[in-house]
Amino acid sequence: MGDAALAKSLLLALPLAFLAARALPARVPWIARALLGAAAGWAVAFVVALVVPPGQMAYLVSFAIVGSIYAVLALGLNVQWGYTGLFNIGIAAFFAIGAFTSALVTTSMPTGAAAAFSQQAFGLGAPFLAGVVAAGVAAGVLALLVGGPTLRLREDYLAIATIGIAELVRLVFQNERWLANGPQPLRGIPQPLACLVRDPGCGWLPPPLAALFDPLAPRDYPYVYLAIATLFVIVVYLVLERAIRSPWGRVLRAVREDEAAAAMAGKDVARVRLQAFVVGAVIMGLGGALYAHYMIAIDYTHFDALYATFLVWVMLMLGGSGNNRGAILGAFALWGVWTGAAFLVDLARPVLAAISSDLPARGPYLRLLFIALLMLFILLYRPKGLIGEERFVSRDSQGRDG
Amino acid sequence: MERMTPKHVDDPTGIPADAPRPALLRVEGLTKSFGGLQAVNHCSFDVRAGSITALIGPNGAGKTTVFSLISGFLRPDRGRVVLDGEDLTGLLPHQVFRRGLCRTFQIPREHGSMTVLENLMLVPPDQLGERFWNPLLRPRAVRAQERAIREKALEVLDLLTLSHLRDEYAANLSGGQKKLLELARTLMADPRIVLLDEPAAGVNPSLMARIREKIVQLNAERGITFLLIEHDIPLVMGLCDPVIVLNQGTKLAEGPPAIVRGDPRVLEAYLGGQHGAVDG
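Residues numbered from 1 in each chain as written. Chains lettered and ligands numbered in written order. Predicted model: local features only at pLDDT ≥ 70, side-chain atom pairs only at ≥ 80, totals over all residues. Heavy atoms only, no water.

With that settled, the discussion passes to the packing of helix 4 (residues 91-106) of chain A against helix 6 (residues 128-150) of chain A. Relative placement of two packed helices is described by the angle separating their axes and the distance separating the axes. All names here are of chain A. Relative to each other, helix 4 and helix 6 sit at 145 degrees, their axes nearing to 8 Å. Helix 4 and helix 6 meet at a crossing whose hand is right-handed. Listed contacts from helix 6 to A93, F94, I97, G98, T101, S102, V105 and T106 of helix 4 are F128, A130, G131, V132, A134, A135, A138, A139, L142 and A143. (Axes fitted to C-alpha atoms, helices over the stretch in contact; angles between N-to-C directions. Helix = DSSP H or I, 4+ residues; strand = E, 2+ residues; numbered from the N terminus. Left-handed = near helix turned anticlockwise from the far one by under 90°. Contact = heavy atoms within 4.5 Å.)

And the structure:
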């Protein structure tokens, strides 16, 4: 028990250590912040792994993985909408392209009996990271193709184009069997670092380290994936913060605020918009890859507008458009509300049955109503989200001297 | 015509005898129509290097359209815009800007949810950090440049007496302060020529005096050429030479302010045929 808790806590420690290190004041030297953060994060993780019952822990871990995937999507949308004001309502397209690309790149072509049931355009059997990179590139290329002609137009056209492209992408993956097994799921997407929880262990890890992870059983794999997913969120967040708190972010905000004035300040507005659109789409593509390797099997139904576009928008609105921390917070908070609402609907079953006999079966739709009300509430009472935009875009333009 | 200028207006060289400097900006036969409306009609004029030139005319004369045609926001149907020998016709606004021509807008177009300082720091061209990867790969170079830009922005704020507002959202400035901010933004680019669209409109008298003083100062000290649209006749008469009068999309008259204000055609354009002095 203790050994497994130790291994699990090592995997859980990363996001906690990052949060702890960020919470320390900036005047502490970074090395001290890193060490203190790591120690604090790991200590909390160890206590959590020891104390929380395994069933609830498994639920929390899967919740956090999906929350992380949504956080990546919300960060991508934040570049497009939050900073640049690009109205992309086809997040699902870039999410789906990323997921299927990574799946095709990392799986192998089906052989033998499987080949009769499963078709795919290609299967390179490449490592996870190659799939991730390919996912980002594919989503970026799609964004170039969509954005090139439409970003010059008024923003409503971008909305129309993106919603259309999202449907198109989904329908292509639904109907083109040769591409990614059509309406049937594309299966066998590899799990990265699965060797940590398997018996022979990871050959490339030094034996003492590998021994640490020995107590983990294959059913503990989500802990490994949680570490990977949170690492993704952290890296995307840090990269975006760097880019946003610099002249790049300033130009994005200027274009959002007033295109004509940005043009008269010598900025190539069309190019800036395309750049932001592509960067956001690449991040959404990464989110897709992250999703595919978590689900192991994906099909077109996973990329419908509700889950892959609408919820991401509400997340960004809830957390705070134009603020990367807000995007992450919103993703986890809304995913909590969304999954929590399912429990509420379950609890309300007897009441619903008392009203009408067929109402309990329609219970799940109440969640949509609930989210819609939340959205209304945000727009009316908290239009800037939980944490709104910060006053200063670039870090060298702040009021203090020096 | 004989009452107008010491020099004939339609002189192809465009160089008045009293100022032997060449034209910095030359507008040739500019024409633009919107549907059936002929907004600008074969409009030609020169702006001398180092001058403060006014573009005046009754409402609807096409002044702002001329500005938009020069600065690349609109494409002319016919005609050319030449800046210091280089043809600007058909360039996009940011390309025009890079050649040293800045404009302001009649209704200030500040970036409202950015601070005054950031509105200025936005402007300098060729910022390393404007490329996505540079803040990641070359953070030191980006920050060094940022500090230099910040220094410059603080100087410009100081020059235009906006320093106390530097961390304020631009949206919260008064109308007059926004006009100053627009002027400040053009200075961040080290322009050769600045087109000001009604710099004094809606500005209180003391702020207006300051704007005027700054224009004179920038013109004298930095050699910046100004072309400005203005309805405030006293301001124009005191500040600008020459004055170009536009009517119905074409140039009606040009010359020193004292002569232009006495020109009967100008009076007629403004007053619709009733003769009388333009209030000065």
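Next comes the rest of the write-up.
With that settled, the discussion passes to the environment of K152(B). Residues and elements named next belong to chain B. Locating K152 in the fold gives a position in helix 5 (residues 139-159). For K152, a relative accessible area of 25% translates into the label partly exposed. For the pair formed by K152 and M121, sequence separation is 31 residues and the distance between their alpha carbons is 8.4 Å. Residue contacts for K152: discarding those within four places in its chain leaves L187, M188 and D190. At a separation of 2.7 Å, a polar atom in the side chain of K152 contacts the side chain of D190. (Buried < 20%, exposed > 50% of the residue type's maximum accessible area, 1.4 Å probe, protein only. Polar contact = N/O pair within 3.5 Å; in protein donor to acceptor, adjacent residues only side chain to side chain.)

Moving on to the environment of L180(B). Residues and elements named next belong to chain B. Locating L180 in the fold gives a position in helix 6 (residues 175-187). Put simply, L180 and Q127 are 53 residues apart on the chain and 24 Å apart in space, counted from C-alpha to C-alpha. Those residues in contact with L180 that lie beyond four places of it in its chain are L160, T161, L162, L207, R210 and I211.

Here the focus is the confidence of the model for chain B. Residue and element names in this part refer to chain B. Residues at a pLDDT of 70 or more form 89% of chain B, whose mean pLDDT is 85. Taken as a whole, residues 1-17 scores under 50 in pLDDT and shows 31 contacts with residues more than four places along the chain or in a different chain. Confidence drops under pLDDT 50 across residues 276-280; counting only partners more than four residues distant or on other chains, this segment forms nine contacts. Both scores are given for the predicted complex: the pTM is 0.89, the ipTM 0.84. (pLDDT = per-residue confidence, 0-100.)

Formed by 173 residues in total, the largest nonpolar core has its most connected members in Y70(A), F94(A), I298(A), I215(B) and F226(B). Tallying contributions element by element places helix 3 (residues 54-83) of chain A first for this core, with 16 residues. Leave out the neighbours within four places in its chain, and F226(B) touches V47(B), S51(B), I52(B), T53(B), L183(B), V194(B), L196(B), I215(B), L218(B) and N219(B). Counting residues in hydrophobic clusters, the runner-up holds 28 residues, among them L55(B), F67(B), V81(B) and I229(B). (Core = buried A, V, L, I, M, F, W, Y, C linked by side-chain atoms within 4.5 Å.)

Residues and elements named next belong to chain A. Where helix 14 (residues 305-319) contacts helix 15 (residues 324-347), the two axes come as close as 7 Å, and the packing angle between them is 120 degrees. As far as their axial angle goes, helix 15 and helix 14 are oblique. Handedness of the crossing formed by helix 14 with helix 15: right-handed. Note on element contacts: helix 15 touches helix 14 through G326, A327, G330, A331, A333, L334, W335 and W338, opposite L306, Y307, L311, V314, M315, L316, L318 and G319. (Parallel < 35°, antiparallel > 145°, perpendicular 65-115°, else oblique.)

Before going further, it helps to spend a moment on the interface of chain B and chain A. Listed as interface residues are 40 residues of chain B and, on the opposing side, 39 residues of chain A. Both sides together, the interface formed by chain B and chain A hides about 3500 Å², and carbon and sulfur atoms give 55% of it. In terms of surface lost to chain A, no three residues of chain B exceed H94(B), E118(B) and F132(B), which account for 18% of the buried area on that side. For the pair chain B and chain A, the interface holds three salt bridges. In this structure, K267(A) engages E130(B) in a salt bridge whose closest nitrogen and oxygen atoms are separated by 2.7 Å. Our count for the contact surface shared by chain B and chain A stands at 15 residue pairs in polar contact (both at pLDDT 80 or more). At the level of secondary structure, the elements contributing two or more residues to the side of chain B that touches chain A comprise helix 2 (93-98), strand 6 (101-103), helix 3 (116-121), helix 4 (134-137) and helix 5 of chain B. When residues in the side of chain B that touches chain A are grouped by element, the largest group, five residues, is from helix 5 of chain B. (Buried area = accessible area lost by both parts, 1.4 Å probe. Salt bridge = Lys/Arg side-chain N within 4 Å of Asp/Glu carboxyl O.)

It is worth spelling out the pattern of salt bridges at this point. Inspection of the entire model under this criterion finds 30 salt bridges over all chains. Among the salt bridges present, the one from D220(A) reaches K8(A), with a minimum N-O distance of 3.9 Å. Linking D220(A) in the loop between helix 9 (207-212) and helix 10 (221-244) with K8(A) in helix 1 (residues 2-23), this pair joins segments that are 212 residues apart in sequence. Note on accessibility: D220(A) and K8(A) belong to one class, buried. When the shortest N-O distance is used, the salt bridge between E28(B) and R80(B) registers 3.4 Å. Here R80(B) lies in strand 4 (residues 78-83) and E28(B) lies in strand 1 (residues 23-34), a separation of 52 residues in the sequence.

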